[in-house]
Amino acid sequence: MNATKELIDKLREDILIWQGFKPPGAGSAQPIGLGAIESAFPNGVFPKKAIHEFITLAPEHSAATDGFIGGLLSILMENEAACVWVSTSRKLFPGSLCLFNVDPERIIFIDVSSEKDVLWIMEEALKCPGLAAVVAELNEVSLIESRRLQLAVEQSGITGFILRKDARKSVSTVATARWKITPVASEMEDKMPGVGFPRWNIELLKVRNGNPGSWTLEWAGDEFVEVETVRKSTALFNGEQRQIG
Amino acid sequence: MQKRFISLWFRYLLADWQLIRRPELKDVPFVFAAPDHGRNMITAISPLAQSQGIEVGMRTADAQAICPGLELLDDKPGRAKKLLKGLAEWCIRFSPIVMVDEFAMDGLFFDASGCTHLWGGEEEYLREIVSRLNGKGYNVRLAMADTPGAAWAISRFGTRTPLIKPGEHAEAILSLPPEALRTEETTLLKLRKLGFHQIKSFIGMPRSVLRRRFGEAFLARMGQALGTVDELIIPIQVPIPFQQRLPCLEPIKTRKGIEIAITRLLESICLQLKNEGKGLRSAILTCYRIDGKIVQVDIGTNGATHSVSHLFKLFQLKIDQIRPALGIELFMLDAPKVDEVAPGQESLWTGKPGMNDQSVIQLLDRVAGKVGNGVINRYIPASHFWPERSIRQTNSITETAATEWRTDKPRPTELLKKPDPIEVMALIPDHPPKFFIYKNIRHLVVKADGPERIEREWWLDEGEHRDYYQVEDEQGQRYWLYRSGHYDGGQKYKWFIHGFFA
């Protein structure tokens, strides 16, 4: 039994190598702090040299996505690195990023008027080795455009995030992962009244060579903490116990 | 260095200009006239009119009597100056310092010091200027001498050679009439009355004698011609210390050609900047087309740089704006703004260096060049509680905050630019809403925090304070709501949504 598992693991690794996924070298595979979610990716490592696509439907969801990306940026932007945030209609409040351990001063916001400019800037920024990550709020991105972005990323090793706020137009892109972040009810310790830490349902809709799945995470002040779904379900029925602080 | 000046005299400036515009006037004698003290006076004449005996300063009635077929054209005040300015700008190709002759308003001065060798010698230089201007249709006379005054004199009254060798200018003007010194009309009359028909007849006189009779201005003019008094040079364009020019043998029309020209110019200007420890902050590329038009593109950088490849990338974004039409004959690159460059230390470990990294600055330069400078923003905290004013936008890449970011109070991840009004059911006096209706959707409030009262800064604007609540609805979505004002008898209070929490 054990031998079969080893054999299958070995074969999986071989397939990944043939598909262009190199096994992480020693010391290079640092966790991004997502816990169990990281195991959904090939080799169990969050791909930093990749384009991640986030889809949202409602403004509340885009706030949750912004928060989740903020949490990822806090790890990616270690060592004083900078980040570029390109958008046509940005609502993100820079001051709130402090809550996700990101220094807002190290984010360069580029607010342009057309999606074409967003794409151009994103591609240029992804080629810039001095950045840690690039976030772009884009609604429409075609297969060819996303392929260009992917090529830029493969050269420089920068993480690219695409936020698609109008996800009804579903198009196929070459993004490594497609995420959907939705807010779920927060919970205070010991059933105390009030709003707790931000908590999200994280759906990994598509991962290249990985296993899609769904998790519930909480940003506990300075790191992601996984929440057991059992507690979530009870939290939904706490309505009548509401107390005003 | 030996100073050399050229005086350029357009003999029929307005007439030539008119002939270029209207070639059909070639065989017609015509004059420009303008009203002066109730009479129509001739201000400029064509060569054909001159041959008929018409002179500047005649009345038009007299002139028409002499020459019945004379064409009269209206002269506008200031037209000659405008024309000369245009010609002076065109002539910058010959010398960086070109000025308009303000005395007679019919010529130009060039400071040709150190320019002539580029054309292979002074004679070739003069020949080139004359042939180019003749080719455009202007009839010119010019002279080159050590002083602008002497050059002026020779260009208008000289009979032998236009090229006065260094140190010989005083000798060359001796036989010229006193008008050649740019003297006033009244002084000229006095000189004639006294029988001074040539400069040599009074130039040796004691200065005090001349001053008493003809005034200080006359002495100054004499000194300017001899080189003892400096002439005020007001160039039409102040020369820029960092400037490179590239004349082309054949007119450039292709994108590739323009790219090569830009690279060449950048290479030489960057070498110059590098040797002086300076970097470029802005650059202007001026293209002179063979049809006489000038095309300009400019770039700016966020930090001083003398990297050819980076500057070339910035120009590459602008090449589309250059219309070569029939071809570009001269490229000129100016660096009007330069800064000291801090020599960067080579880092042993290239990690993720952050905001001050060269590649980031270069990226921002490219973005600014393509989309515009106003789109790049950074935010630093401002010491205000009012949410809209709690961040301050800055365009600088290096500016750091004087205060800390506040993290003690909850602030939404997404803040609406303008708060949206909502309908709310809430208990008084200070309970959070039971439910609220936003965009026609009813949200039942399950959890809430607050209120957090934020007072309006009365010294900045007027209005009600806000009581903020952080609420979570039954789907787990978190909002930032506020009530504007007190629950007070007749007063208006309103509820708004101002943001979304993560």
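About the cut-offs
Residues numbered from 1 in each chain as written. Chains lettered and ligands numbered in written order. Predicted model: local features only at pLDDT ≥ 70, side-chain atom pairs only at ≥ 80, totals over all residues. Pairing = 2+ DSSP bridges. Helix = DSSP H or I, 4+ residues; strand = E, 2+ residues; numbered from the N terminus. Axes fitted to C-alpha atoms, helices over the stretch in contact; angles between N-to-C directions. pLDDT = per-residue confidence, 0-100. Contact = placed C-beta atoms within 7 Å. Buried ≥ 20, exposed ≤ 12 C-beta atoms within 10 Å, placed from the backbone. Expected span 1.5 Å × (residues − 1). Arc of directions from axis to C-beta.

### Re the sheet that holds strand S3 (residues 39-45) of chain B
All names here are of chain B. What the 3 strands build is an open sheet, ordered S3-S2-S4; its pairing is mixed. Every other strand in the sheet has two partners, leaving S3 and strand S4 (71-74) as the edge strands with one partner each. Put simply, the sheet's adjacent strands are angled 45° from each other on average, direction ignored.

### Quick notes on the confidence of the model for chain A
All names here are of chain A. Of all residues in chain A, 87% attain a pLDDT of 70 or more, and the chain-wide mean is 81. Across chain A, the secondary-structure element scoring lowest on mean pLDDT is helix H5 (residues 229-235), at 46, and the one scoring highest is strand S2 (residues 82-87), at 91. Segment residues 230-245: pLDDT under 50, and 21 contacts once partners within four positions in sequence are set aside and those in other chains are kept.

### Some words on unusual backbone geometry
Phi angles above zero are rare outside glycine, and A:Asn101 is one such case at about 65°. Tracing the backbone through its elements, the reader meets A:Asn101 in the loop between S2 and strand S3 (107-111). Residue classification places A:Asn101 among the partly exposed residues on the basis of 18 C-beta atoms within 10 Å. Positioned with a positive phi, B:Met105 is a non-glycine residue whose angle comes to about 55°. Along the chain, B:Met105 turns up in the loop between strand S5 (97-100) and strand S6 (107-111).

### Looking at the sheet that holds strand S11 (residues 328-340) of chain B
Residue and element names in this part refer to chain B. One open sheet holds the 4 strands; their spatial order is S8-S11-S9-S10, and the pairing between them is antiparallel. This sheet does not close on itself; its edge strands, each paired only once, are strand S8 (243-252) and strand S10 (294-305). In this sheet, adjacent strand axes meet at a mean angle of 15° when their direction is disregarded. In the sheet, strand S9 (residues 278-289) pairs with S10 via 8 bridges, with the strands oriented antiparallel. Within S10, the residue paired with alanine 283 across the bridge is isoleucine 299. The sheet strands contacting helix H12 (residues 308-316) are S9 and S10, and the helix crosses S10 at an angle near 140°.

### Digging into the environment of B:Leu444
Residue and element names in this part refer to chain B. Relative to the assigned elements, leucine 444 resides in strand S16 (residues 441-454). A tally of 13 C-beta atoms within 10 Å means that leucine 444 is categorised as partly exposed. Each residue touching leucine 444, except ones within four places of it in the same chain, is listed here: Phe435, Asp473 and Glu474.

### So, helix H5 (residues 122-136) of chain B
All names here are of chain B. The end-to-end C-alpha distance of H5, which contains 15 residues, comes to 21 Å, matching closely the 21 Å that a straight helix rising 1.5 Å per residue would cover. For H5, the set of buried residues is Glu122, Tyr125, Leu126, Ile129 and Leu133. Looking straight down H5, one finds that the buried residues subtend no more than 95° of arc, so they occupy a single side. Along H5, exposed side chains directed more than 90 degrees from the buried face belong to Ser131, Asn134 and Gly135. In this structure, the buried residues of H5 make contact with strand S7 (140-145).

### Brief notes about the confidence of the model for chain B
Residue and element names in this part refer to chain B. Summarising the model, chain B shows a mean pLDDT of 86, and 96% of its residues fall at 70 or more. Within chain B, strand S1 (residues 5-10) carries the highest mean pLDDT (92), whereas helix H13 (residues 358-371) carries the lowest (83). In the model output, the complex is listed with pTM 0.63 alongside ipTM 0.81.

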